[in-house]
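Geometric and topological summary
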Amino acid sequence: MENKPGKYPDMKGHFGQYGGRFVPETLMPALIELEKAYNKYKKDRTFLNELEALQKDFIGRPTPLYFARNLTEALGGAKIYLKREDLCHTGAHKINNAIAQALLAKRMGKTRIIAETGAGQHGVATATGAALTGIECEIYMGSEDIRRQSLNVFRMRLLGAKVTEVNVGSKTLKDAINEALRDWTTNVGNTHYVLGTVFGPHPYPLMVRDFQSVIGREARQQILKAEKRLPDCLIACVGGGSNSIGLFHAFLKDNIKMIGVEAGGEGIRSGRHAARFAGGSLGIFQGCKSYLLQDKDGNVLGTHSVSAGLDYASVGPEHCYLRDLNKIEYTYATDTEALKAFEVLSKTEGIIPALESAHAIAEGIKTASSMPRSSIIIINLSGRGDKDVQEVARIKGINL
Ligand SMILES: *Cc1c(COP(=O)(O)O)cnc(C)c1O
């Protein structure tokens with residue numbers, strides 16, 4: 001597993017001025033233990049062989065790189081390929097990280113894993129990893145999210161996990177993260193915390209990126225086989241930033257345009273969005289220094305997106321760093337644009353995307369139309385839309 005393309009992050013997890021480890025002293029031993037274990041096992045052939053076997057037989061990797069001929073012809077511009085993370089077991093890329101961390105927890109001798117979840121996708125992936133490895137599992141989830149995502153709550157329970165309701169603050173993801181961190185502080189001896197994206201204190205942004213980088217390694221080989229050359233452009237949606245950095249990482253040394261797409265919600269001026277680069281500023285939140293949606297006194301602002309997976313106030317530190325280096329550009333798609341793309345991909349290709357991924361499709365539609373037919377774009381289809389059809393029906397005023 002490739003650790004770093006250049007000289008970052010440093011030993012303390014800094015990506016330039018971003019990242020780091022802003023946690024109470026009580027959590028330091030757990031983070032250091034995790035960092036040591038990760039550094040050991042990422043070079044351990046037995047561990048890597050076990051992970052690779054599960055990627056193949058359990059997750060279903062390699063996922064296809066699919067040439068979207070119908071969409072390409074409809075737009076009349078660049079050739080569009082879709083990296084099909086929607087075909088992963090449990091329906092999204094999150095399982096790549098959850099399985100790897102569950103295996104690592106087992107190697108570390110942990111008997112219990114905990115995680116936070118917003119919409120429930122990461123909770124389901126973690127509960128799946130726990131069931132597979134035979135480790136006890138507890139998932140923290142805000143009561144507001146539990147109400148909105150009852151189907152995923154039932155899935156986690158079917159998988160044998162305990163789902164614990166967090167009834168404080170806004171009763172959503174950020175409160176669930178706080179509770180999970182509190183649990184970890186108390187139970188560090190036997191417990192591993194499976195963080196779901198490239199965020200939080202070091203080593204999570206580095207470790208989760210490495211576990212998701214399989215997406216780009218595969219895509220690179222697949223496009224070279226299909227087209228005998230590298231693509232001109234890569235596009236992915238950015239919540240915490242794991243599916244995007246997972247795709248981009250293997251291409252960072254190449255001179256390729258990369259676009260990260262945040263949730264524009266109801267537009268930047270409305271204040272109801274999760275576009276940290278368009279509307280945020282530098283701050284420290286949940287263990288990490290990064291771009292953050294905050295008011296002038298540093299209070300974290302509420303966010304909004306039609307897609308729960310993009311609805312978070314901050315973003316992975318590596319993204320901030322690569323943006324400063326002009327390696328990756330960031331833009332946003334609004335709820336309306338994402339909903340349109342959700343329908344366009346469904347009708348043209350017979351693929352219903354997750355609403356998160358629909359943000360990347362929306363940008364792909366704009367970009368492809370403005371590029372010549374000889375150029376090539378890869379869009380990361382981070383997840384499938386089954387989880388979202390009910391919400392889309394509700395928005396359209398259709399009673400199911
Ligand atoms: C969680 C999720 C995302 C956003 O998370 P990242 O860490 O930015 O990848 C995107 N797509 C899907 C399908 C998700 O479930």
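Our subject is the structure listed above.
Overview of the structure.

As a further point, take the side chain of E35. Within the secondary structure, E35 sits in helix α1 (residues 28-41). The exposure class assigned to E35 is buried, which follows from its relative accessible area of 15%. Separated by 2.8 Å, the side chains of E35 and R21 make a polar contact. Among all residues touching E35, those that are not within four sequence positions of it are M11, R21, H202 and P203.

Pairing in this open sheet of 6 strands is mixed, and the strands run β3-β4-β14-β9-β10-β13 from one edge to the other. Whereas interior strands pair on both sides, the edge strands pair on one side only; in this sheet they are β3 (65-67) and β13 (329-334). Shown here is a sheet whose adjacent strand axes are inclined to one another by a mean of 30°, direction ignored. Contacts between helix α10 (residues 214-227) and the sheet are confined to β3, β4 (79-84) and β14 (376-381), with β4 contributing the most and set at about 140° to the helix. Against the sheet, helix α14 (residues 335-349) touches β3, β4, β10 (257-265), β13 and β14, its axis set at about 85° to β13.

Before going further, it helps to examine the packing of aromatic side chains. The geometry of an aromatic ring pair is captured by the separation of the ring centres together with the interplanar angle, meaning the angle of the planes. In the structure shown here, the tally under the stated rule is 13 aromatic pairs. Seen from their ring centres, W184 and Y193 are 5.8 Å apart, and the 65° between their planes marks the pair as edge-to-face. Considered together, W184 and Y193 belong to a single accessibility category, that of buried residues. Relative to Y330, the ring of F277 lies with its centre 4.4 Å away and its plane at 45°, an arrangement referred to as tilted. Residue F277 is located in helix α12 (residues 276-279), and its partner Y330 is located in strand β13; the two are separated by 53 residues in the primary sequence. Accessibility expressed as a relative area gives 16% for Y330, which makes it buried. Aromatic rings pair up to connect Y18, F277, Y291 and Y330 into one cluster. For R84, the ring lying beneath its charged end belongs to Y66, and the centroid distance is 6.0 Å. Its end group placed over the ring of Y291, R323 keeps NZ or CZ at 5.4 Å from the ring centre.

Calculation notes
Residues numbered from 1 in each chain as written. Predicted model: local features only at pLDDT ≥ 70, side-chain atom pairs only at ≥ 80, totals over all residues. Heavy atoms only, no water. Helix = DSSP H or I, 4+ residues; strand = E, 2+ residues; numbered from the N terminus. Buried < 20%, exposed > 50% of the residue type's maximum accessible area, 1.4 Å probe, protein only. Polar contact = N/O pair within 3.5 Å; in protein donor to acceptor, adjacent residues only side chain to side chain. Contact = heavy atoms within 4.5 Å. Pairing = 2+ DSSP bridges. Axes fitted to C-alpha atoms, helices over the stretch in contact; angles between N-to-C directions. Phe/Tyr/Trp six-rings, centres within 6.5 Å; stacked < 30°, edge-to-face > 60°. Lys NZ or Arg CZ within 6 Å of the ring centre and 35° of its normal.

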